[in-house]
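# Reading the structure
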Amino acid sequence: IKEVLSAFGGVKHRLQYVGQVNDVSFYNDSKSTNILATQKALSGFDNSKVILIAGGLDRGNEFDELVPDLKGLKKMVILGQSAPRVKRAADQAEVSYLDATDVRDAAHKAFALAEPGDIV
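Computed from a predicted structure; not experimentally measured.

### Some thoughts on the overall build of the protein
A tally of regular secondary structure across the protein gives 5 helices and 5 strands. Computed over its C-alpha atoms, the radius of gyration of the protein comes to 14 Å, within 12% of the 14 Å expected for a compact globule of 120 residues. The burial tally for the protein puts 33% of its 120 residues in the buried class. In the protein, once contacts between residues fewer than 6 apart in sequence are set aside, the share between residues at least 24 apart is 52%. Carbon and sulfur atoms provide 53% of the accessible area of the protein, an area that totals close to 7500 Å². Averaged over its 15 positive side-chain charges, the protein has a centre that lies 4 Å from the centre of its 16 negative ones.

Written out as structure tokens, the structure reads:
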């Protein structure tokens, strides 16, 4: 058990640390497809350093429950079918955002916004 725990690198796509570029840390949490998972992921960081990429398929959810967890984020980059709903939550949380066409575009925009010490 000790050997496995010491070598365990986490589960892919679940707050998976993927690396650092110019002192900007990148995490892949693409499995955060619901509000609770996103809340848990954000709880581990200082929001003032986080540029959150959010959006995706529109499952009809509103994101009101997520608003308190979004407060204080440095910025959001929003994409996908759910963008209008996510933007409403960002507006309620008073977080500014940029639109992105896809994940690649979102990652480029988030990195361009980031400063050393930030988290995408």
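### Things to note about the pairing of strand E2 (residues 24-28)
Note: strand E1 (residues 16-21) against E2, 5 bridges, orientation antiparallel. Of the residues in E2, the one forming a bridge with Gly19 is Phe26.

### Observations regarding the packing of aromatic side chains
Overall, the coordinates contain 3 aromatic pairs when judged by the stated rule. Here the aromatic rings of Tyr27 and Phe45 are separated by 5.0 Å at their centres, their planes lie at 65°, and the arrangement is edge-to-face. Within this pair, whereas Tyr27 is found in strand E2, its partner Phe45 is found in the loop between helix H2 (35-42) and strand E3 (51-55), the two being separated by 18 residues in sequence. Residue classification places Tyr27 among the partly exposed residues on the basis of a relative accessible area of 30%.

### Re the sheet that holds strand E5 (residues 97-99)
Strand order in this open sheet of 3 strands is E3-E4-E5, and the pairing throughout is parallel. Only two strands of the sheet have a single partner each, and these edge strands are E3 and E5. For this sheet the average axis-to-axis angle between neighbouring strands, irrespective of direction, equals 25°. With 3 bridges connecting them, strand E4 (residues 75-79) and E5 associate as parallel partners. Bridging from a neighbouring strand, Met76 pairs with Tyr97 of E5. Contacts from helix H5 (residues 103-113) reach E3, E4 and E5 within the one sheet, and its direction differs from that of E4 by about 165°.

### Focus: the pattern of salt bridges
In total, this model carries 7 salt bridges according to the counting rule given. For Glu62, the salt bridge goes to Arg85, with nearest N and O atoms at 2.5 Å. With Glu62 in the loop between E3 and helix H3 (67-70) and Arg85 in helix H4 (residues 83-93), this residue pair connects regions lying 23 residues apart in the sequence. Classification of Glu62 as partly exposed rests on a relative accessible area of 37%. Sharing partners across several salt bridges, the network here consists of Asp58, Glu62, Arg85 and Arg88.

Here is what the cut-offs are and how they apply
- Residues numbered from 1 in each chain as written.
- Predicted model: local features only at pLDDT ≥ 70, side-chain atom pairs only at ≥ 80, totals over all residues.
- Heavy atoms only, no water.
- Helix = DSSP H or I, 4+ residues; strand = E, 2+ residues; numbered from the N terminus.
- Rg over C-alpha atoms; globule rule 2.2 N^0.38 Å.
- Buried < 20%, exposed > 50% of the residue type's maximum accessible area, 1.4 Å probe, protein only.
- Contact = heavy atoms within 4.5 Å.
- Areas by Shrake-Rupley, 256 points an atom, 1.4 Å probe, with all protein chains shown as cover.
- Lys, Arg positive; Asp, Glu negative; His and termini not counted.
- Charge placed at Lys NZ, Arg CZ, Asp CG, Glu CD.
- Pairing = 2+ DSSP bridges.
- Phe/Tyr/Trp six-rings, centres within 6.5 Å; stacked < 30°, edge-to-face > 60°.
- Axes fitted to C-alpha atoms, helices over the stretch in contact; angles between N-to-C directions.
- Salt bridge = Lys/Arg side-chain N within 4 Å of Asp/Glu carboxyl O.

Read these as geometric descriptors, not functional statements.
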